[in-house]
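What the coordinates show
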Amino acid sequence: PRAAHDFMNAGDPQSTEFGVLLHAEMERRVLARQRGSKPSAAHVSSNVAKHVQRAEEALATLTKARELPEWRLYGEAGERRIDLLRVQAGDVFEIIDFKTDDVEVGQLRHRASEQYGKQLREYAGLLRDFLARRGQKPKQVRLLVCFTAPENAKPSERLIEIPENP
């Protein structure tokens, strides 16, 4: 289940439910790959399957990394969940946030920055605090929004990087 803050100010309950389904399927697929099995999308709707496929195609454009789905962090405001935390060699971390917004390709960068920048920067701060408590200092923390809705977007266009320190 998603954290309560994910449902606050949710404009459309169907959109929220769709996002939950996408997140659950992405988590299932990451865990299946880690076990060495190939997941099928037979149990999800064709629309969810399309979004999952687009997310996976976008993720395939990134360097191989250890993947940690639905990574939980805790701060003053309570629990936060990173949709997908990727850990690369050399202490490089990638925070991936999946979004199902139906936005024109040319507007993705603006939407990512304006709508989700604050949220991802909060996640980065919590991750840095978590790592510092364990004596680790990341070389880099990359913040990426993965848009799954625009049908005409290329996989590499779906991933929008937001600067950690604008």
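Everything here concerns the structure above.
Note that the structure is predicted; figures quoted are calculated from it, not measured.

Here's the deal with the layout of surface pockets
The volume enclosed by the second largest pocket comes to roughly 360 Å³. Around the second largest pocket sit 15 residues that line it, and R33, L59, A60, K64 and E67 are the ones nearest its centre. Of all elements in the fold, only α1 (13-35), α2 (46-59) and β1 (66-75) reach the threshold of two or more residues within the lining of the second largest pocket. A class-by-class count of the residues in the lining of the second largest pocket yields 6 nonpolar, 2 polar and 7 charged.

Re the nonpolar core
Core analysis: the biggest nonpolar cluster contains 23 residues, and I95 and L127 have the highest contact counts within it. Of all the secondary structure elements, the ones that give two or more residues to this core are β1, β2 (78-88), β3 (92-99), α3 (108-133), β4 (140-147) and β5 (159-162). In contact with I95, other than residues within four places in its own chain, are I82, L84, L85, L120, Y123, A124, L127, V141, R142, L143 and L144. One finds F18, L144, C146 and L159 within the second-largest nonpolar core, a separate group that totals 16 residues.

Section: the sheet that holds β1
Reading across from one edge, β1-β2-β3-β4-β5 is the order of the 5 strands in this open sheet, with mixed pairing throughout. On the outer flanks of this sheet lie β1 and β5, each paired with one strand and no other. Pairwise comparison of adjacent strand axes, ignoring direction, gives a mean angle of 35° for this sheet. Sheet topology places β4 next to β5; 4 bridges connect them, and they run antiparallel. Each bridged residue has a counterpart across the sheet, and for L144 the counterpart in β5 is E161. Relative to the sheet, α2 contacts β2, β3, β4 and β5, its axis offset from that of β3 by approximately 155°. Each of β1, β2, β3, β4 and β5 touches α3; the most contacted strand, β4, lies at about 140° to it.

Criteria and thresholds
- Counting starts from 1 at the beginning of each chain's written sequence and moves along it residue by residue.
- The predicted origin of the model limits local features to residues at a pLDDT of at least 70 and limits the giving and counting of side-chain atom pairs to 80 or more, whereas totals for whole chains, interfaces and linings rest on all residues.
- As a convention, hydrogens and water are excluded, and side-chain values are obtained from all of the structure's heavy atoms.
- Lining residues are those with an atom within 4 Å of a point, where the points come from a 1 Å grid over the protein atoms alone and group into cavities, where a 1.4 Å probe fits but cannot get out, or pockets, open sets with protein on both sides within 12 Å along at least five of seven lines.
- Grid points are joined across faces, edges and corners, and a volume is the space filled by probe spheres set on the points.
- Working definition: helices are DSSP H or I runs of at least four residues, strands are E runs of at least two. Numbering for both runs from the N terminus.
- For this scheme, ten residues count as nonpolar: Ala, Val, Leu, Ile, Met, Phe, Trp, Tyr, Cys and Pro. Four count as charged, namely Asp, Glu, Lys and Arg, and the remainder, Gly too, count as polar.
- What is meant by a nonpolar core is a set of buried Ala, Val, Leu, Ile, Met, Phe, Trp, Tyr and Cys residues, joined one to another through side-chain atoms within 4.5 Å.
- Remark: exposure states derive from per-residue accessible area (1.4 Å probe, protein chains only) relative to the maximum for the residue type, with buried under 20%, exposed over 50%, and partly exposed in between.
- A contact between two residues is defined here by any heavy atoms of the two lying within 4.5 Å.
- A pair of strands is considered paired only if DSSP assigns at least 2 bridges between the two.
- Lines fitted to C-alpha atoms define the axes here, with helix axes fitted over just the stretch in contact, and angles between the N-to-C directions of these axes take values from 0 to 180 degrees.

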